[in-house]
Every structure is written in structure tokens, then in C-alpha cells.
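Letter by letter, the chains look like this.
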Amino acid sequence: MVSLELTQPWLLLLLLPTVALLVLYYLRSLSDFPRPQRIVSLLARLIVALLLILSVSGLTMLHATREQFVIFVADQSQSIGDEAAREAAAFLDAARKNQSHHRTAFLPFAAVAGAVQDQPLMYGADFRNPGLAQHAIPAADGSAGAPSGGADNPVSEPRARAVPADWSGQAGNAALPEAGSRQDGTDIAAAIEAAAGAMPSGYVPHIVVLSDGNETTGDALAAAMRSRVPISVIPLPARAEPEVQVSEVNVPAEVREGEPFLVEVVIHSSHDDEGLVEVYRGDHKVIGETRKLKKGENRLRFQQSVERDRLAAFSARVSGLAHDTLLDNNLDSGLVYTAGKPRILIVESDPAVIRELAYALEDEGIQADIRPPQGMPESLADLQNYECLILSNVPATALTQRQMEAARTWVQELGGGLMMLGGEQSFGLGGYYRSVIEEILPVRSDFEKEKEKPSLGMVLVIDKSGSMDGEKIDMARSAARSAVELLGPRDQVAVLAFDGDTYVISEMQPASGAARISDEISRIDSGGGTSMYPAMEMSFEMLMATSVKLKHVILLTDGVSSPGDFEGMAQQMASAKITVSTVAVGSDCDAELLEAIARTGRGRSYITDDASQVPQIFARETVTASKSAIDEQPFVPQVVRASHALADLDVESAPFLLGYVMTRPKPTSEVILATEKGDPLLAWWRYGLGMTTAFTSDATSRWAAEWLTWPGYGKFWTQVVRQTMRKSDSRGIQVSAARRGQQTTLTVDAVSDSGRFLNQAAVELTVIDPQL
């Protein structure tokens, strides 16, 4: 039986104006053709117009068919045991042999449709002729081509990618993996949606689900109702092997510091057993008890409390069981956030010198932890234990890119507070120019050099040998450009590069031509051998011919040079009051020789395995060599802008500060205190959700020696820290998380000050993965 159908019948209304227009044209035509010919022309036009309108109206010829397209959806999760796998294989083999003229496809699934560990996805084999009419189930991005379903088999966000498979062999061998290669989790709903979305038109659709029905993710019943495709179910027997699983660890989302709470461990067991249940807080075991487990669900509760950590991870593990098949599911965890006294982290190059500040803050109720630069957090989870991070005299070269990026994300997205204190290794002296940390600070690390500061002549000597290819030469170019930008207009700079030969990249010239010098630096390419001595000799000759007060050489290399009298040349430079600093990149360089050159040349030696640190090293060296970033004349702070952080403090009557690091305020920052010369002393600004503060003097006995005995010392720092630290704005808001399989549901309860629920309130959620 054949029938016709219009998918967009309303477009037939176009016939009326079209016929009227053609008839009007016929009546008003000035053509002198005979009347019969004009009538034939009109009829031809009407027929063409009718066919076009029928076409756009979706005229379709339908014919009845009994040919089915059946998709077998087979559960291949861990809960499918060997017996169930054999039954499924036997069923699929029988279907293959008895398919007759019908067409079939096969979709394996576990937690995600089509996802089987190390298993190619197998779809769309024609049992009669495996090489014909293979239908691909599309990926979530729609990239795999598949015939779209008609009205009875709509495409509903399929989640698997298809690879056609040849089913000419045994179904069991082609489709069902060994038990060890099956995946955790079961998402029957995703499998049904993917199968329904892949149904081609022109067939009687049918889905056959082979599963034990033990779904861990999704709602299979809801997916079946949405699909509008007939679904048959072949129940598979549940796994018979003994199994114990830690299903979840339930903890409160938030508790107060020291408040007792219950850690609930939910364990499911297929049999009676006994095992060791261990609970860990982070890496520390806090509970270890042998418990009897009954068949079914077991809920074990243990009382715990959190004293210092802001974010505590509690994990539970069961072991020592008499019978257990899978060990991967014997561990689970949960997170607890603790609200209590404010807690800050101070990172200081010499932890002993900052203890006075820590004691002063603790006297005011703020807990302070002190770490060396190596202890700077690399993860947001670690930073979340603190309301404020203080960097005190820590050079950028002591921090990794990961540590700096974690701090930026913590401030910007999680509302943390960051403060940098001054010192001979802070701001510009610490090499923070153009670093991730400088980006979030309210002041810039470069500054306007005063006229009375001595002029500097500097030569950058850069290794461009073949081993510098890639990131190293890119970082070297970036470092050289940054160094030039940090120099004042009265300074002189030259750039040399060497491989087997020495090349003058930029002649000695005023640093005011930074743009032209930067263009010349960008032309440095890697290649060739390593001969460093001639380049050192040329840098010496250049500086000897330059009339400046200070002379400095920065030497960068990543390898071992051909022989030369390096220490002799360094001694000649030192005798001529030319200082030499060396930068060794990578483990293949001659670190011992470079250290000797720097020591003889009265400079500094740097060794790094991270090429991305080279720009910070060059920036630090440039500022240090110019001897203009520190002002060590005693001064009294000047109040520029009143702030509640200075409440009840007469800062202008405070003792002298003995020095500070020169910086420049950024345009939108607030300068609260300044030096007598107008340079910023205390400045802050908002960055994202958090706040950052710069105090360009220090809090130690070097520049703040007289402040340590000032009665207002503790109050000043407490109020500045409280201004900077993360603000707790969660009053009336409670967030809880519930995980089921691969999905997590976040529930936000918000109430007003009067206790009424804030229904329909706008909620914005930011999700940050461990890679930031």
C-alpha cells in the first residue's frame, strides 16, 4: 500500500498568489502568439509552479514495510558476570542466525553508551551481508554520520561514537569483552537515547536491551518513555560472585572548627562478611576498626572533628575481606569545609625572620602558618585552607608557573586574598615583572628611575646553539625583551648571541630605543655549536668602550662550551668593575663552570630546569644590577586615603621605616599609604572575587626594625590582613553536593535575613578542574 504525505502542508497556500500572478500575466500579456499557444504556455507554467510548491511542502510517498531495524543494547558493565555474558552472547548469536530479512545493529554500553575500555565500538552490521548498510551511531558532537530518525524515532542527544563492525563471526566473540575489561557504572538511559537517535528511517524501529537492570546513572524509565521506540528487555542474571563495595561517604558540607560530626560510610555487600574499615582524613588514618558486614546495605558511622584544615577530605576503605571479587570499588571519599578562626599562610624565604608578624597576628585571633617557598601551595585544595596568602621576600624564581597560576585562580575565582611584602627579593627585585603574580598585584614592578641614580651599561649574551631550540630560545627572546624594557632612558644595552660563532644582535645603544632593540632580538634563531668565550670577550670590549657608572653582563646557556679561559676573563671583568651573572638552563649545562664565572665576576648564578623561569631571572638581574629599585632612606608613612584598615592608628606618628622597594601603582588601584617621595607604600585593589595588597616595605627587622616595638604593630597588620583576606559571605546560604555515578547534583538553599527562602534567585556556578 502506497500513500502520500505533506510534511509542511501550509506551504500549499503559496498556490493562490502564484496562480493569480500567472493568470494576470496571461491576461495582460502583449505577446502576439496565437491564443492556443498562450494557453499551453500558461498551463506549463502552472504545472511547474505546482510541482515546485509540492516539493517545498515536503511531498513524500510512503509505502508500508514489515522490515525491522533492531538495535541490540548490551550491558557490559562490571555487574555483568561471566554467566550473564554467556547468556547474552547466546541470545545475540541466535538473533544473528534468525534475523531473516531484518536489519540489526549492536551497541555496547556501561557508564556511557558505547564506552567499553580498550574495546572498539561496534555498530550497524548487516547480518545478511556484513559489508552493506552499516549505520553509525553519532557522537555527542554529532560528528559521526548517521541517518536521522523520523517522527517515530527522533534523535535525542546520542552519546556514543560508532565504528562499523563485521558481525560475520560469532556474536559473543565480536561483542562481549572479558570480565576484566568491563567498565564501572551502568547508564541504561544513555544507551536507550543513543540507540533511539541512531534509528534510520524507512524501517520498523525496535530496541532490545540486555541488562541486569542495575543502573548507577541516569533514569532508564524516563529515557524509554521519551524515545517513542518499542523497547524489549532481556533480563540478565545478576553477578553471582561475592562482592563488597564502598558505595559512598556521607559528610556534612560545612561544620564549625572543632565541632563533632558523623562520617557515614555506606557499604553494600552481596553476602555476610567481615573486614577492616579504615577512615582517612587526607593522608592520615583516623579510624581503623574490624566490622561485621551483613548482606545488603551497611551504614557505619564514626564521629570526627576538624581542628585546623579548612577543606578536609575524608575517605573510607574496606579491606581484609574473606570474599571479594572487585577491589577497585572498595574506596570512596567526601569533602568537609570548616568555618572557624581566620587562617593565613605566610611564605617567606627565611621563615625565622617573619615570626614576629605571625605572633602579632595570632595575638589578634588570626592563625598563621609559615612555609618556605618550596611549600607554596600548587593546588586550589591546599589554598582553600587559608583566607589570605602573604608572600614575604620570595623571588619569582623560587616559584613554579603552576604555583603562581594556582594563586591567581584562587584569588580571581574563589575570592582569596593575596599580599606581597617588600624586601630585596620582592616585586622587581624578585623578578616579578610580567609574571602571573604581578598581573594580580595593584602595583607594577617597573618604575621611573630617578635622575640621580647611576646609569647602567648591560650586555645580554645568549646561547643560540641547536640545543636551545623550541621553548628555550622563545623564553630567551622574551627574557631579553623584558630586560630591555626595565632599563631607563640613560642606560645602555647590547645583545650578543653565540653558537660556534659570535653574532652582534644589537649594538650598544640607549635603552630608550627599546622597540627597535626588541625587533632585533626577535630575529635570534637557534642552531650550531657552543663557543662561549669569544662572546664573553666581545661583551668585555663593548663595556670597556661605554661610558656609564655601572656595567653588567648576563650570560645564558644550556650546554657545555668549547674550551676557553673563562675564569680569567671573569677576573678581568671584575678588575674593570664589570659584574657577571650566569643563567644555566637544563641539566646538561656546565653548572660548576658557570657558578665559578659568577663568583669570580662578583655576580649571581642561577640554575633552572624550567625554561619559563628565564624571563623572571633576567628581570630580577636587570633590576638588581641597576641598583635603583631600593630606597633605604628612613621615612615616615604618609596617609593618602583614609581607610577603616587604619582605624584607631596614628600611622604618621609611627616610627621610621628604613627602606622600601620602588614600584608604580596601577591605574585602578587604591594607594592608602605612600612614602615621603610619593611612591606607593600600601596599595590594594579588587581582582576578580578576591583582593590583593602590596606593602612595599617589609615586616621584619631589616626595614621595620623600629616598627617591631611600636604598640600599633600588631593592630596595623591585623587590620590590613583582615581587609585583604577572603570575606565569608555565606550567611543564609547552604550548599550540598550529592554524587550518583558520573553525575553530581549541587543543591543551594538560600534564605533572607528574615528566614524566608529566596525562591527563583539567580545562581551562578563556577567549576574549576584540577588543571585550573
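In this text, all values refer to a predicted model and were calculated from it rather than measured experimentally. Think of each chain on its own: its residues are numbered from 1, step by step along the sequence as written. With pLDDT at 70 or above as the cut-off, local features in this predicted model cover only qualifying residues; side-chain atom pairs require 80 or more to be listed or tallied, and sums for whole chains, interfaces and linings still use all residues. The side-chain values count all of the structure's non-hydrogen atoms but skip hydrogen atoms and water molecules.

A. The environment of Val251, seen in detail. For Val251, the position within the fold is in the loop between strand S9 (244-250) and strand S10 (254-256). With 53 residues separating them along the chain, Val251 and Gln304 place their C-alpha atoms 9.9 Å apart. Contacts are assigned to residue pairs that have any heavy atoms within 4.5 Å of one another. Filtering out sequence-adjacent residues up to four positions away, Val251 remains in contact with Leu262, Val263, Phe314, Gly334, Leu335 and Val336. Counting from the N terminus, the helices are DSSP H or I runs at least four residues long and the strands are E runs at least two residues long.

B. Fine view of the confidence of the model for the chain. Summary statistics for the chain give a mean pLDDT of 83 and a share of 88% for residues scoring 70 or more. Looking at the elements of the chain, mean pLDDT is at its lowest for strand S6 (residues 163-164), recorded as 32, and at its highest for strand S20 (residues 417-421), recorded as 97. Confidence per residue, as judged by the predictor, is encoded in pLDDT with a range of 0 to 100.

C. Geometry of the pattern of salt bridges. For this analysis, a salt bridge means a side-chain nitrogen from Lys or Arg found within 4 Å of a carboxyl oxygen belonging to Asp or Glu. Inspection of the entire model under this criterion finds 24 salt bridges. One salt bridge in this structure joins Glu193 and Arg226, with 2.6 Å as the shortest N-O distance. Linking Glu193 in helix H5 (residues 188-197) with Arg226 in helix H6 (residues 220-227), this pair joins segments that are 33 residues apart in sequence. Arg604 is paired through a salt bridge with Glu621; the nearest N and O atoms lie 2.5 Å apart. Pair noted here: Arg604 is in the loop between helix H15 (591-600) and strand S27 (605-608) and Glu621 is in helix H16 (residues 614-626), with a separation of 17 residues, a long-range link.

D. Geometry of the environment of Val585. For Val585, the position within the fold is in strand S26 (residues 578-585). For Val585, a relative accessible area of 3% corresponds to the buried category. Between the C-alpha atoms of Val585 and Asp609, which are 24 residues apart in sequence, the distance is 5.7 Å. Every residue in contact with Val585, bar those within four places of it in the chain, is listed here: Lys472, Leu556, Thr557, Asp558, Thr608, Ala611 and Val614. Accessibility here uses a 1.4 Å probe with only protein chains present; expressed as a share of the type maximum, an area under 20% marks a residue as buried, one over 50% as exposed, and anything in between as partly exposed.

E. Focus on the pairing of strand S3 (residues 68-75). Extensive coverage of S3 is indicated by the burial of 7 of its 8 residues. Alignment of S3 against strand S7 (residues 204-211), held across 7 bridges, turns out to be parallel. Paired with Val70 across the two strands is His206, which belongs to S7. Should DSSP find at least two bridges between two strands, the strands are taken to pair. Two strands pair when backbone bridges link them, and S3 and strand S4 (residues 103-109) are joined in this way by 7 bridges, in the parallel orientation.

F. Region of interest: the side chain of Thr693. The residue Thr693 is located in strand S34 (residues 690-695) in this model. Taking the relative accessible area as the measure of exposure, Thr693 reaches 0% and is therefore buried. Leaving out residues up to four positions away in the same chain, Thr693 has contacts with Leu418, Met419, Met420, Leu441, Pro442, Leu682, Ala683, Trp684, Val720 and Thr724.

G. Structural view of the sheet that holds strand S17 (residues 343-348). Judged by pairing direction, the sheet is mixed, and its 8 strands sit side by side in the order S18-S17-S19-S20-S34-S33-S32-S29 without closing on themselves. Lying at the two open borders of the sheet, with one neighbouring strand each, are strand S18 (367-371) and strand S29 (638-639). As paired strands, strand S33 (residues 680-687) and S34 are joined by 6 bridges and run antiparallel to one another. Looking at S34, one finds that Trp684 is bridged to Thr693. Along the sheet, helix H17 (residues 713-724) contacts S17, strand S19 (388-392), S20, strand S32 (670-674), S33 and S34; its crossing angle with S20, the most-contacted strand, is approximately 135°. Here, axes are lines fitted to C-alpha atoms. For helices the fit covers the stretch in contact, and angles between N-to-C directions go from 0 to 180 degrees.

H. Region of interest: unusual backbone geometry. With a phi close to 50°, Phe427 is a non-glycine residue in the positive phi region. Locating Phe427 in the fold gives a position in the loop between S20 and helix H10 (436-440). Overall, the relative accessible area of 0% leaves Phe427 in the buried class. With phi around 60°, Gln760 is a residue other than glycine that occupies positive phi space. Along the chain, Gln760 falls in the segment after strand S36 (743-750).

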